[in-house]
Every structure is written in structure tokens, then in C-alpha cells.
Amino acid sequence: QVQLVESGGGLVQPGESLRLSCAASGNIFSISAMGWYRQAPGKQRELVASITRSGRTNYADSVKGRFTISRDNAENTVVYLQMNNLQPEDTAIYYCNARLHVGTMYWGQGTQVAVSS
């Protein structure tokens, strides 16, 4: 099993930045990729960004050029999401995700990001 603990959410004004962190523990050597998803009220959960064990990244079109996913080391023990130029449409609960080589997915508890003037 994998445990994920997120931190870093909050309330900011449009144009400001936040950095989310996700610390993984447990069977981390079975993780093939980690990512961030978000779910806004009344909407489906969507992929924001992901990073594989090899370092390949993927972003939703809506965040390209504004968000950056990174990790502390190749073991993916801590993954970050740097969010710049935040906009009201980025308001959502952000969830950390870990995908194992066998396909199993684990989720964090979620952290709220609110962007409002």
C-alpha cells in the first residue's frame, strides 16, 4: 500500500501562486507515476499534471505554462505542484495520486485551493 499526504492549499487572489506538496510513504518502489488531479464543485475529477518515475511530465492544456510538477528524487517520495498565475477557474480540491506498476491507484485526502479577489 501507499499513503499520500498533501499540503499547501489555501486562499489566494488571482495572479498569485501556491505550491502543493505530496509526501508518499509505504510501498514507494512500486510507484510508476504520480500526479495531481482536481475536482471543482459540480464537475468531474480531472488530471492536472503527472510525472513518471523516468521524469516524463504531462499537463492539462488549461494549466500548461502556469503549473509545474516536480519531485524531490527519482523515488517520487515527495512530489510538488507549483501553481503560478492562479485564476478563479483553478478553484478546486486538489488530490495527489500514485499509480503503481500493476495499475492500482492511491489517493490523498485532498487539499482545497481557492482563488478569489
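Now for a quick tour of the structure.

So, how was this worked out
- Residues numbered from 1 in each chain as written.
- Predicted model: local features only at pLDDT ≥ 70, side-chain atom pairs only at ≥ 80, totals over all residues.
- Heavy atoms only, no water.
- Core = buried A, V, L, I, M, F, W, Y, C linked by side-chain atoms within 4.5 Å.
- Buried < 20%, exposed > 50% of the residue type's maximum accessible area, 1.4 Å probe, protein only.
- Helix = DSSP H or I, 4+ residues; strand = E, 2+ residues; numbered from the N terminus.
- Contact = heavy atoms within 4.5 Å.
- Pairing = 2+ DSSP bridges.
- Disulfide = S-S within 2.5 Å.

Description of the nonpolar core
One finds Leu4, Met34, Trp36, Leu81, Met83 and Tyr94 to be the most contacted residues of the largest nonpolar core, which totals 32 residues. Where this core is concerned, the elements lending two or more residues are strand S1 (2–7), strand S3 (18–26), strand S4 (31–39), strand S5 (46–52), strand S7 (67–71), strand S8 (78–83), strand S9 (92–100) and strand S11 (111–115). Here the element with the most residues in this core is S9; it accounts for five residues. For Leu81, the contacting residues outside a window of four places in its chain are Leu18, Arg19, Leu20, Trp36, Val48, Ala49, Phe67, Thr68, Ile69 and Tyr94.

With respect to the pairing of S1
Where burial is concerned, the two faces of S1 differ: the one with Val2, Leu4 and Glu6 is buried and the one with Gln3, Val5 and Ser7 is not. Pairing analysis gives six bridges linking S1 to S3, with the strands arranged antiparallel. In the sheet register, Ser7 faces S3, and the bridge partner there is Ser21.

Thoughts on the state of the cysteines
Applying the stated criterion to the full structure yields one disulfide. Here Cys22 engages in a disulfide with Cys96; their sulfurs sit 2.0 Å apart. When the S-S torsion is -85°, as for the bridge of Cys22 with Cys96, the disulfide is left-handed. Linking Cys22 in strand S3 with Cys96 in strand S9, this pair joins segments that are 74 residues apart in sequence. When its relative accessible area of 1% is taken as the criterion, Cys96 is described as buried.

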